[in-house]
Amino acid sequence: MKSLITKSYPFLKLAKWLTRNTPKIMMYHSFSDAEKEGYVSKAHFEWQLQTIKKNCVPMSLIDLAELNENKKPIPKNVVVITIDDGYKNVFDYAFPLLKKYQIPATFFVTTNFIDQTDWLWPDKVKYLLSNTQTQETHIEFDGTKTELNFGAINHLCLNLENNKKLKFIEHLSKMLDITLPVGPPDEFASCTWQQLEEMQLNGIEIGSHTLSHPSLGQVSDEQANVEIGDSLTVINTHLGNIPRTFCYPNGQPNDYNPNVIKIVNATGYKAAVTAFPDKHVLTKEFAWRRYSGAGNEIHFKKVIHGVEMIEYQLKKTVVCDY
Ligand SMILES: [Zn+2]
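Residues numbered from 1 in each chain as written. Predicted model: local features only at pLDDT ≥ 70, side-chain atom pairs only at ≥ 80, totals over all residues. Heavy atoms only, no water.

1. Description of the overall build of the protein
Move 1: If you tally the helices and strands in the protein, you get 14 helices and twelve strands.
Move 2: Taken over C-alpha atoms, the radius of gyration comes to 20 Å for the protein, in line with the 20 Å a tight globule of 322 residues would show.
Move 3: Contacts spanning at least 24 positions in sequence make up 73% of the contacts within the protein whose residues lie at least 6 apart.
Move 4: Split by element, the accessible area of the protein, about 15200 Å² in all, is 51% carbon and sulfur.
Move 5: For the protein, the distance from the average position of its 34 positive side-chain charges to the average position of its 36 negative side-chain charges is 12 Å. (Helix = DSSP H or I, 4+ residues; strand = E, 2+ residues; numbered from the N terminus. Rg over C-alpha atoms; globule rule 2.2 N^0.38 Å. Contact = heavy atoms within 4.5 Å. Areas by Shrake-Rupley, 256 points an atom, 1.4 Å probe, with all protein chains shown as cover. Lys, Arg positive; Asp, Glu negative; His and termini not counted. Charge placed at Lys NZ, Arg CZ, Asp CG, Glu CD.)

2. Points about helix α8 (residues 150–158)
Move 1: For α8, the full list of buried residues reads Ile153, Leu156, Cys157 and Leu158.
Move 2: Of the surrounding elements, those touching the buried residues of α8 are α7 (121–131), β8 (144–147) and α9 (162–175).
Move 3: By the N-cap criterion, in which a side-chain oxygen at the helix start approaches the backbone nitrogen of a residue two or three places on, α8 is capped by Asn149, the distance to Gly151 being 3.2 Å. (Buried < 20%, exposed > 50% of the residue type's maximum accessible area, 1.4 Å probe, protein only. Polar contact = N/O pair within 3.5 Å; in protein donor to acceptor, adjacent residues only side chain to side chain.)

3. As for the nonpolar core
Move 1: Counting residues in each nonpolar core, the largest one holds 37 residues, and the members touching the most others are Phe45, Ile81, Phe107 and Leu196.
Move 2: The leading source of residues in this core is helix α5 (residues 88–100), at six residues.
Move 3: Judged by nonpolar contacts, the second largest core, of 22 residues, contains Trp121, Val125, Cys157 and Phe188. (Core = buried A, V, L, I, M, F, W, Y, C linked by side-chain atoms within 4.5 Å.)

4. Some details on the pattern of salt bridges
Side chains that differ in charge, positive against negative, can pair when their charged atoms come close.
Move 1: Summed over all chains, the structure comprises twelve salt bridges.
Move 2: Measuring nitrogen to oxygen at the nearest pair gives 3.3 Å for the salt bridge that ties Lys270 to Glu69. Pair noted here: Lys270 is in the loop between α12 (258–267) and β11 (272–273) and Glu69 is in helix α4 (residues 61–69), with a separation of 201 residues, a long-range link.
Move 3: What makes Glu69 partly exposed here is its relative accessible area of 44%. (Salt bridge = Lys/Arg side-chain N within 4 Å of Asp/Glu carboxyl O.)

5. Examining the coordination of the zinc ion
Move 1: Coordination of the zinc ion by the protein is provided by Asp85 (OD), His209 (NE2) and His213 (NE2), with metal-donor distances spanning 2.1 to 2.2 Å.
Move 2: Donor residues binding the zinc ion come from one chain and are separated in sequence as D-x123-H-x3-H. Each of the two residues, His209 as well as His213, counts as buried. (Donors = N, O, S within 2.8 Å, 3.2 Å for Na, K, Ca; no water.)

6. With respect to the packing of α8 against α9
Move 1: The geometry of α8 relative to α9 is characterised by a closest axis approach of 9 Å and an angle of 150° between their N-to-C directions. Relative to α9, α8 is oriented roughly antiparallel. Here the hand of the crossing between α8 and α9 comes out right-handed. The segment α8 lies against α9, with Ile153, Leu156 and Cys157 engaging Lys165, Phe168, Ile169 and Leu172. (Axes fitted to C-alpha atoms, helices over the stretch in contact; angles between N-to-C directions. Parallel < 35°, antiparallel > 145°, perpendicular 65-115°, else oblique. Left-handed = near helix turned anticlockwise from the far one by under 90°.)

7. Topic: the packing of α7 against α9
Move 1: The geometry of α7 relative to α9 is characterised by a closest axis approach of 10 Å and an angle of 15° between their N-to-C directions. On the basis of their axis angle, the class for α7 and α9 is roughly parallel. In the crossing of α7 with α9, the sense of the turn from one axis to the other is left-handed. The residues of α9 that touch α7, namely those facing Trp121, Lys124, Val125 and Leu128, are Lys165, Ile169, Leu172 and Ser173.

8. Focus: the side chain of Arg289
Move 1: The topology assignment puts Arg289 in the loop between β11 and β12 (291–292).
Move 2: Here the side chain of Arg289 touches Asp278 through a polar contact of 2.9 Å, side chain to side chain.
Move 3: Within polar-contact distance, the side chain of Arg289 engages the backbone oxygen of Cys320 at 2.9 Å.
Move 4: Residues within four places of Arg289 in sequence aside, it is in contact with Ile25, Tyr256, Thr274, Phe276, Pro277, Asp278, His280, Val281, Lys284, Cys320 and Tyr322.

9. Concerning the domain arrangement of the protein
Move 1: Domains assigned within the protein are domain 1 (2–117 + 190–315) and domain 2 (121–175).
Move 2: The interface of domain 1 with domain 2 comprises eight residues on the first partner and nine residues on the second.
Move 3: Inspection of the region where domain 1 meets domain 2 yields zero salt bridges.
Move 4: Run the count over domain 1 and domain 2 and you get four residue pairs in polar contact (both at pLDDT 80 or more).
Move 5: Looking at the side of domain 1 that touches domain 2 residue by residue, the classes come out as three nonpolar, five polar and no charged. (Domains from an automatic or database assignment. Nonpolar A, V, L, I, M, F, W, Y, C, P; charged D, E, K, R; others polar.)

Here you go:
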C-alpha cells in the first residue's frame, strides 16, 4: 500500500482531481524543535508546508467560511491548517515556518489559558501524575475506582459533567498531595496576547476554543453560552472586532450537540470545526470535519490529495449525524 500511494503519482493525482472542489481541513495541537511523541517536529511541519505550497491552495478557516457564506467561488484544492489550544510551542516552531512560506492558518485559543488564569485540564492531570510519589494504583471518586494512569483518568474526565470533572481534578490533586499552580508551568506554556497579535498581523486567524476548554456536551446551556460568547468577547477585546471561527474543545460527537451548534451560530461565529473526519466533510453547518495533521508523510499525502476523503465516502463512514 505504501508504495502504491507514495510512488503512484497518477493515483494521487486522480484522488486530488476527484476531490478538488472540497477543501481539506487539517488539525494540529503542539509543535517541537526535535522529534517527540505527541508533537509535530518543525522539520516535518516544514516538509508539510512545502508539500502544501506545491500541491494545494492554503487558506485560513475564516477566509473559507466567508467565501462559503457569500457564495463566492472557492479555489480548487484548498487546504486549511488549524491549530488548537494556544500553546507557546506554536509561536516558537510553527509560526516562523508559516511566515516563511506565507501560508495562512487558524489558531484556536482557550482564552483563560492565554490569560494565565487557568491551564488545560488534561495537562493538569499529566502534571499531577508525573510529579507524584504515591504508591497508590487507583483513585476513588463518586463510588467508582479509576486506575491512576493518564488514559483511564482522561476517559473518566471526558465523561463527567464539567463541574464534577473540576471537582475530580481537585480531589486528585489532594490525594496526590500536589498543589496545582494557577497558571501553566513551563512545559505547558501558552502564547501571550502580544504573540497572538503578531501572528494575526502575519496572516494567522485567531479563533476561539472557549474560555476553559470544557466538553460543551457536558455543561448547562448557560455555561455553554458563557464559554462560547465570552471567549469571543475576550479575543475581540485584545485583537479587534473582526469575524472569527470556533473549535469545539475535544471535538468528538459527545463534546457538542445541535443545541451547542445553535449557540455558536447565534454568537456570530462564521464556522466551527470538530476533531474527527467522516463522510460529511463540509456538509454539516458549524461542524466541519477535520483530518489530523500529526501523522507520517504517507498519511499527510493521503489527506491533502483527498485519498482519505474518498475512503470515507466509499465506506459511508458517519461518526456523527450533526
Ligand atoms: Zn483543545
